[in-house]
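Listed below, chain by chain, are the residues.
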Number of protein chains: 4
Amino acid sequence: MLNFESDYLEGAHEKILQRMLETNEEKLSGYGRDQYSASAVEKICQACLCPEADVYFIAGGTMTNALVIASLLKKIEGVIAPETGHITTHETGAIEFSGHKVLSLPQTNGKISAQQIREYLEQFWADDNREFMVFPGMVYLSHPTEYGTLYSKEELKNISEVCHEYKIPLFLDGARLGYGLASPESDLTLPLIAEYCDVFYIGGTKVGAFLGEAIVFTKNNLPEYFVAHMKQQGALLAKGRLLGLQFDTLFTDQLYFEISEHAIAMATKLKNGLAEKNYRFYLDSPTNQQFIILENNKMEELKKDVAFSFWEQYDDEHTVIRFATSWATKEADIDALLTLL
Amino acid sequence: MLNFESDYLEGAHEKILQRMLETNEEKLSGYGRDQYSASAVEKICQACLCPEADVYFIAGGTMTNALVIASLLKKIEGVIAPETGHITTHETGAIEFSGHKVLSLPQTNGKISAQQIREYLEQFWADDNREFMVFPGMVYLSHPTEYGTLYSKEELKNISEVCHEYKIPLFLDGARLGYGLASPESDLTLPLIAEYCDVFYIGGTKVGAFLGEAIVFTKNNLPEYFVAHMKQQGALLAKGRLLGLQFDTLFTDQLYFEISEHAIAMATKLKNGLAEKNYRFYLDSPTNQQFIILENNKMEELKKDVAFSFWEQYDDEHTVIRFATSWATKEADIDALLTLL
Amino acid sequence: MLNFESDYLEGAHEKILQRMLETNEEKLSGYGRDQYSASAVEKICQACLCPEADVYFIAGGTMTNALVIASLLKKIEGVIAPETGHITTHETGAIEFSGHKVLSLPQTNGKISAQQIREYLEQFWADDNREFMVFPGMVYLSHPTEYGTLYSKEELKNISEVCHEYKIPLFLDGARLGYGLASPESDLTLPLIAEYCDVFYIGGTKVGAFLGEAIVFTKNNLPEYFVAHMKQQGALLAKGRLLGLQFDTLFTDQLYFEISEHAIAMATKLKNGLAEKNYRFYLDSPTNQQFIILENNKMEELKKDVAFSFWEQYDDEHTVIRFATSWATKEADIDALLTLL
Amino acid sequence: MLNFESDYLEGAHEKILQRMLETNEEKLSGYGRDQYSASAVEKICQACLCPEADVYFIAGGTMTNALVIASLLKKIEGVIAPETGHITTHETGAIEFSGHKVLSLPQTNGKISAQQIREYLEQFWADDNREFMVFPGMVYLSHPTEYGTLYSKEELKNISEVCHEYKIPLFLDGARLGYGLASPESDLTLPLIAEYCDVFYIGGTKVGAFLGEAIVFTKNNLPEYFVAHMKQQGALLAKGRLLGLQFDTLFTDQLYFEISEHAIAMATKLKNGLAEKNYRFYLDSPTNQQFIILENNKMEELKKDVAFSFWEQYDDEHTVIRFATSWATKEADIDALLTLL
């Protein structure tokens, strides 16, 4: 049975396992105060060309989003996000659980534009009754988006400028950041993301790690006593070494980028194969998630041999499905899938 | 440098690492729907002699406490806990973050009694103005407590009876449960704990795992859509396999109990050695945490060779310090420590 | 200067003031346990033809919305509401403050339909990943809506049926309920609203009272220990007599309905006058709020003599403004306004 | 039947009612933007000798406490309060509902001392693990306390100094402030309270008004967009005039102080009478609440003719009861009570 259901099917990259073995018996300080976490922080700062960044490691993406947003927002503030953003739709209201509203904007291919954000902010600040509304206190983007699409350098720069004009932070959810950076269609780099964003995270769970996301605060804007916020939200692991060691490994010898490129190479091969066979794409994704529109009976047929994601009902007779590649995808599996299709 | 600072200094038990290696390339379903999680659930049910239990795996203890409490309490309810309970003092208000009050009771050696709980509940329900007070909706205990002490079978049974008389659940925080069960002074077993408690957790982070706590709901009392609660609080890991596999290993061939016994053996050796040398104990702990009262200058001396925990100022000239053993403690280190002392 | 800015410009109906004077020196129990509150409850039950209803009085509308929603929803649930609903837009995130998401649906003239709600609920319950989404736990409507429009009997009945099919309560925000019931275009009555809704409130602040909204739970569905919820959210007034006495007065001799009819008569006169003068209506409102589209220079001119509400920018050269009548509007002021226009 | 059950038995002072009548038909701006609110603010600033104070009016005490605390604290902060403080015990967890912990300290006669607060703060800031604890972000006192006792000028000054040394605000709950200021044993004045406290409120509900508390921020420390916080917590009344007008009346010609003095004169007469008859006082209260210890059968006897508050069980045979006087207490009723006793 082939499996392209998600990008978190396997364990971790073998180099990570190897280092876990090597360091297992070392007695290390807890709560991220160990030397591997320190080393990982330093390497990430270097990779971002942002030596003064504050970097913290969290177990998963929803927790990371909730933590960053709750620790940065004031009580009367909410976060602007695309209506298809992960925090808007698929985190069971984790942001609202912490008391904040997600201010959702209409999306195009999973993205929102600087223009939309500017209009929202302009309108808010021009409204005499704004104290009756939730204050927009942050902008949230996913990159790549939930649809696998990418912001261009120009787009992100413009959004960043609007945010800074209105003095609110730009937060980028990089659960699949590696796959975005490795895409040939991307003109963004890690240092550029660090430059444009006030805070973002580098996803590990979907890119080679067992678990872990690295939050990067880039503008000397770490919330005061951030560790207390982590503890309060249950986000502080006793054995922080587990996260630090993984990121230390991923950011040694470009491993994070190298394995991301592999996922993109696999996705590109799949995409080209699908195009050759005249499959109909739901949208044009330049990253590791590929969405096609299948006839329902064809989809049922395919289910027998391949695991994939149901995405949404397209119409009565068609369905959008998703294939995801990852750092662990084997080329033989892509070949097998293309043969089947 | 010797290190007895905590029971989470090392990585994980070697058998866990071995199984992570063996299963690393398997493609498994996410969010705890994998076969290893299922197997771990089954083994835990068996170990608890509670076939109908609902078992879920969470990354850490504070998150577990917050999740169990928030998912079981109604908005107007709070949780009764000892004034020294972990949720009362050392989780940065994680319970309050979710909207609930910790109703703290005076403690003796880290424990509260059935009698205290009964009086609190009687008084509450007898008060005509009780709607102006937080409703007591649960009782929280740690076992072993934060001071290493244990509830006896009789004590826990009595507390359980009071809770059930007042129709509120009894929740036991078992971050160090293995060390409690392995203590020669314990007359409690895992099945007895499952019988007396409505929900409890079996600590992994401090007992052999990299991370992970297993929540056990014992009375067909799982909150509806519990996975949604997990997601909402950021407690649902994509690669749930990591937690399932660890608990599956710990509950194979009694490993959890065996490694717990080792920690207790090491603690007993240390305790006996300290007694022989006439050290003054802060209290009599039958588990893996040993507390002694040291003269401040003696403590400063010791710091040069041994890492330990500062516990509290005893008086102007003395300090309470803690030594913790664990599943990973080496006998040679105990010997070395006793030689030093 | 004429003033049509809102429906809460004056104090209270003279009969209310008179009874406040008469009863001022009586020593009465606090927290709504007084005889006037009891009498008001009884009269409201009668007016609703719902003898078993539970009725509570709250100082204001936002508090009422937050209280009803927070006391009825479970933590993982949110409330379905029109995107223009008061809770969605103009209560500074009071619902999110209590931890719940507003699940907004597109509106038409301020309303949503049974069909929209059904589709949302169907889609939610058909989604295998629904535990990653906020559970729809209630439907919120305003009647009249924020645009002065009304649900028909048929529309409300249909929405009620969908809610009950999916076992979620229907909550109707009646901040201006009197003005809805008094509209000649309404085919809904108070007993019908009590029949279709699980909980609703009868607005006093905008309809003759100094302050106060009467929440009516119609289906033996009062949240347990509701007074505790009120206290927890700061909604329990010490001198509950103040609210009880006002509603007792409003529901004596049909006063509430009579003064509502006056407001509608004044609005109808204004509407007819505007139509005669060929003013352009933004939408067709059958209640006490009338919205017209004015040229910006004309609007500026009008501002010199009349206070009204800015509603929204229509286009670069036009603005939507609102005139509101109320129980206290004087016919001479309508005449004067029509002369001016 | 005599009634000394509480200090909120009657409506409002007649001068308030008179002004409500006089101004009832005036069309005024909503949400506290009316001229009477502005005038009340000015008069309160003058009475406090604090021209730059920010003053806001709220309907009730629990709401006021929740609003002040939630708008001033950061998420990781809690509020230090006596274990008998109103927020600690009798507000159904309103503070926790907003996400914050009440850090309770042992009390003496309802009070805590500067020394206790200092020790708590010192210990917190000296603790290396303080990020695992709730940060003390404010001190809350009631004056008079829930036991009718008073802080002296010296005591309040000392507490103020500790707070300012540690840069946290001092918040004084003045639900019965008038009765404290009017006590012959008080050496505090309104200007001194404004000087020592960062924020406090002047209680209206228990001192002559129908409802209303005036929050005074004294140090240019109003939380940004405070009206948005009010709206978010449901604390913003549409007809703010109702609160403004009452405080404008209370702070005209010293009415607030004059009626407070009457309540204290009545309480003093009662206290002296009780002492003459050798009743046993539970504690020595210099304000409008008097607590005595009665034999249970004597108490039952008294209940037939007098309404009073049950305070707490003293021992198996005795009970503590409370008599409260107020601005509205009639001297004849005190005489009648003393005759009965």
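Quick notes on the rules
- Residue numbering note: each chain is counted from 1, following its sequence as written.
- Lettering of chains starts at A and numbering of ligands starts at 1, both following the order in which they are written.
- Since the coordinates come from a predicted model, pLDDT governs what is reported: local features require at least 70, and pairs of side-chain atoms require 80 or more to be given and counted, while whole-chain, interface and lining totals use all residues.
- Side-chain measures here rest on the full set of heavy atoms in the structure, leaving out hydrogens and waters.
- In what follows, a contact means two residues having at least one pair of non-hydrogen atoms within 4.5 Å.
- Accessible-area loss on putting two parts together, using a 1.4 Å probe and summing over both, is the definition of buried area adopted here.
- Any carboxyl oxygen of Asp or Glu that lies within 4 Å of a side-chain nitrogen of Lys or Arg is treated as forming a salt bridge with it.
- UniProt positions are given in the numbering used here, feature names are shortened, and annotations may be inferred rather than shown by experiment.
- What counts as a helix is a DSSP run of H or I of at least four residues, what counts as a strand is a run of E of at least two, and both are numbered from the N terminus.
- If DSSP finds at least two bridges between two strands, the strands pair.
- Axis lines are fitted to C-alpha atoms, over the contacting stretch for helices. Their N-to-C directions set the angle, which ranges from 0 to 180 degrees.
- We call two N or O atoms a polar contact when they sit within 3.5 Å, provided that within protein one can donate a hydrogen and the other can accept it, with sequence-adjacent residues counted only if both atoms are side-chain atoms.
- Each residue gets one of three labels, nonpolar for Ala, Val, Leu, Ile, Met, Phe, Trp, Tyr, Cys and Pro, charged for Asp, Glu, Lys and Arg, and polar for the others, Gly among them.
- Least squares is the method for superposing the copies, and the C-alpha atoms it fits come from residues with pLDDT of at least 70 in both.
- Throughout this description, buried means an accessible area under 20% of the type-specific maximum (1.4 Å probe, protein chains only), exposed means over 50%, and partly exposed covers the range between.
- Only four residue types enter the charge count: Lys and Arg as positive, Asp and Glu as negative, with His and the chain ends excluded.

Caption draft 1: Local environment of the interface of chain D and chain C. Between chain D and chain C, the residue contacts involve 43 residues of the former and 43 residues of the latter. Between chain D and chain C lies a buried interface of about 4,100 Å² when both sides are counted; carbon and sulfur atoms form 60% of it. A per-residue breakdown of the area chain D buries against chain C is headed by K27(D), F97(D) and K239(D), which together make up 19% of the total. At the surface where chain D touches chain C, the tally comes to four salt bridges. Between E25(C) and K330(D) there is a salt bridge whose closest N-O contact spans 3.6 Å.

Caption draft 2: Summary view of the UniProt feature "domain: Aromatic amino acid beta-eliminating lyase/threonine aldolase" (unreviewed entry) in chain A. Under the UniProt annotation, the feature "domain: Aromatic amino acid beta-eliminating lyase/threonine aldolase" (unreviewed entry) is placed at residues 4–240 of chain A. Split by type, residues 4–240 of chain A is 37% helix and 16% strand. Its first and last C-alpha atoms lie 31 Å apart.

Caption draft 3: Molecular detail of the sheet that holds strand β5 (residues 135–142) of chain C. Residues and elements named next belong to chain C. With respect to topology, seven strands assemble into an open sheet ordered β2-β8-β7-β6-β5-β3-β4, the strand pairing being mixed. Of all the strands in the sheet, just β2 (54–58) and β4 (102–105) have a single pairing partner and so form its edges. Geometrically, the sheet is characterised by an average inter-axis angle of 25° between neighbouring strands, direction not taken into account. Contacting β5 and β6 (170–173), helix α7 (residues 153–165) runs over the sheet at an angle of about 140° to β6.

Caption draft 4: Layout of the interface of chain A and chain C. On the side of chain C, 18 residues touch chain A, which itself brings 18 residues to the contact. When chain A packs against chain C, close to 1,500 Å² is buried across both sides, 56% of that on carbon and sulfur atoms. It is T92(A), E96(A) and K101(A) that lose the most area in chain A upon contact with chain C, and together they represent 36% of the buried surface on that side. Counting every contact that joins chain A to chain C gives two salt bridges. At the junction of chain A with chain C, the criterion picks out ten residue pairs in polar contact (both at pLDDT 80 or more). Looking at the side of chain A that touches chain C, the elements that each hand over two or more residues are α4 (86–89) and α5 (94–97) of chain A. Classifying every residue of the side of chain A that touches chain C gives six nonpolar, seven polar and five charged.

Caption draft 5: Expanded view of the relation of the copies chain A and chain C. Turning chain A through 180° and shifting it by 0.0 Å along the axis lays it on chain C, with an RMSD of 0.0 Å. Here the copies are linked by what is in effect a two-fold axis. Here 100% of the contact residues of chain A are again contact residues in chain C; the copies associate through an equivalent surface.

Caption draft 6: Structural detail: the side chain of E77(C). Mapped onto the elements, E77(C) comes out in strand β3 (residues 77–82). At 4.3 Å, K74(C) is the nearest oppositely charged side chain to E77(C), a buried residue that forms no salt bridge.

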